[in-house]
Every structure is written in structure tokens, then in C-alpha cells.
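Chain and residue survey
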Amino acid sequence: MNTTLTPGIARERLHSLTVIDVRTPGEYAGGHLPGAHNIPLDDLDRALPALREAAGRRELLVVCASGARSQSACAMLSRDGIPAATLEGGTAAWASAGGELHRPAAARPKWAMDRQVRLTAGSLVLLGLLLGLLVHPAFQLFSAGIAAGLVYSALSNTCAMAALLGKLPYNRTDRAALDGVLATLRRG
């Protein structure tokens with residue numbers, strides 16, 4: 001059965017947890033829990049054998065930005081018989097509660113996924129409005145569609161645009177880095 005840990009409880013138990021961060025590499029580089037291993041949600045299937053081994057030694061704590069992706073990851077792990085907990089409120093709640101975030105010193109700063117979504121959505125809305133003014137008013141419907149998608153995203157706590165942006169090479173996992181994380185999890 002999967003559980004949810006508050007940031008306070010997670011901080012107290014951090015030394016006894018294996019932390020898996022399911023955000024994109026760019027988000028992970030922007031700040032992650034101490035000792036967290038980056039396995040993006042899209043790569044979780046590939047990591048199942050290593051995660052099963054790691055869960056046999058220490059409890060898994062799955063984290064993301066807000067808790068939505070980590071809940072999805074925990075459901076996927078549960079279907080595969082791997083117990084895991086999620087961090088309530090994600091990395092944002094951890095930082096708000098005074099938790100330390102580690103940032104790789106050599107990592108080139110990348111934009112967090114929410115920032116990428118804001119830029120893309122804002123640009124598309126602006127483009128639709130400009131085309132509506134300069135070409136044909138029907139282009140404003142494009143902007144309305146983007147706005148409707150953002151409202152749905154907020155209500156459902158999902159984001160199709162983030163899923164699409166996550167597929168861009170900029171947001172993809174370096175295979176060698178993922179192989180290194182999986183080897184570390186297997187060794188314990």
C-alpha cells in the first residue's frame with residue numbers, strides 16, 4: 001500500500017529512505033531533496049527492476065514538483081508490487097517547510113517544467129491574439145483553446161502541455177546518467 005509523507009516526517013526519516021525524483025532532468029537540476037535519484041516518470045518502466053531491489057532494502061519515497069506525478073509513479077509501482085510513499089506537496093512543499101534542496105554545481109541551469117509551460121502557453125495565446133487581429137478573428141479561438149486547456153489542467157492537476165514538452169530533447173534523460181542511477185540503486 002502506498003502512503004503519503006509530510007515534509008516534516010520525510011525530513012525526520014530521510015536517512016532511512018531511498019528518494020526517487022520523477023521530474024525531468026532540468027527540474028531535478030533546479031533543486032532536489034538531498035540524496036535523491038533522478039528517474040523521470042517517462043523512464044519509470046525501465047527502472048522497475050532496480051527500484052524493486054532498492055525497495056527491498058529501504059523504503060522508497062517518490063517526489064516531484066507538487067505531488068501529482070509522484071502519485072502517478074506510486075500507482076505504477078504499486079501495480080508492479082513495489083511499495084512506495086509520495087511526498088505530500090512535492091519538492092515545493094519540502095522547500096516551503098525549510099527543507100534543503102541540492103543543486104548540482106556543474107549543471108547548466110534549465111527551466112523548470114512549470115516555467116516552460118507558462119512560456120509556451122503565453123506565447124501561443126499571444127500568437128493567437130495577434131493572428132486574430134492581423135489575419136482573421138477566428139484565430140482568437142486558438143487562444144481560447146489554450147486558455148481552456150490551462151483551466152482543465154488546473155482542475156484535473158494534469159498537464160498535457162508539460163507531457164509534450166517533457167518529450168523534447170532538452171528535457172529528456174541522458175541514457176548514461178540513467179544507467180548510472182539504476183546501477184547505484186541495484187548496488188544499494
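Now for a description of the structure that goes with this document. Model, not experiment: these values are computed from the prediction.

Let us now look at the nonpolar core. Judged by nonpolar contacts, the single largest core of 22 residues is most densely connected at Ile39, Leu44, Leu51, Leu60, Leu77 and Leu185. Counting residues per element, the ones that place at least two in this core are helix 3 (44-57), strand 4 (59-63), helix 4 (68-79) and helix 9 (175-187). Element by element, the count of residues in this core is highest for helix 3, at six residues. For Leu51, the contacting residues outside a window of four places in its chain are Ile20, Ile39, Leu44, Leu60, Leu77, Ile82 and Leu185. Ranked by size, the runner-up nonpolar core spans 13 residues in total, among them Leu5, Leu33, Ala36 and Leu61.

Let's shift gears to the layout of surface pockets. Put simply, the largest pocket is a space of about 990 Å³. Taken together, 42 residues form the lining of the largest pocket, with Glu27, Arg69, Met113, Cys159 and Ala162 sitting closest to its centre. The set of elements that each furnish at least two residues to the lining of the largest pocket consists of helix 2 (25-29), helix 4, helix 5 (90-96), helix 6 (113-134), helix 7 (140-156) and helix 8 (160-165). With five residues, helix 6 is the largest single contributor of residues to the lining of the largest pocket. In terms of residue class, the lining of the largest pocket is built from 17 nonpolar, 14 polar and eleven charged. In this structure, the second largest pocket encloses a volume near 200 Å³. Forming the boundary of the second largest pocket are 13 residues, of which Leu17, Thr18, His37, Arg58 and Gly188 lie nearest the centre. Elements supplying a minimum of two residues to the lining of the second largest pocket: strand 2 (17-21), helix 3 and helix 9. When residues in the lining of the second largest pocket are grouped by element, the largest group, three residues, is from strand 2. Considered class by class, the residues forming the lining of the second largest pocket number six nonpolar, five polar and two charged.

Procedures and definitions
- Residues numbered from 1 in each chain as written.
- Predicted model: local features only at pLDDT ≥ 70, side-chain atom pairs only at ≥ 80, totals over all residues.
- Heavy atoms only, no water.
- Core = buried A, V, L, I, M, F, W, Y, C linked by side-chain atoms within 4.5 Å.
- Buried < 20%, exposed > 50% of the residue type's maximum accessible area, 1.4 Å probe, protein only.
- Helix = DSSP H or I, 4+ residues; strand = E, 2+ residues; numbered from the N terminus.
- Contact = heavy atoms within 4.5 Å.
- 1 Å grid on protein atoms, 1.4 Å probe; cavity = no way out; pocket = protein on both sides within 12 Å on 5 of 7 lines; lining within 4 Å.
- Points joined across faces, edges and corners; volume = space filled by probe spheres on them.
- Nonpolar A, V, L, I, M, F, W, Y, C, P; charged D, E, K, R; others polar.

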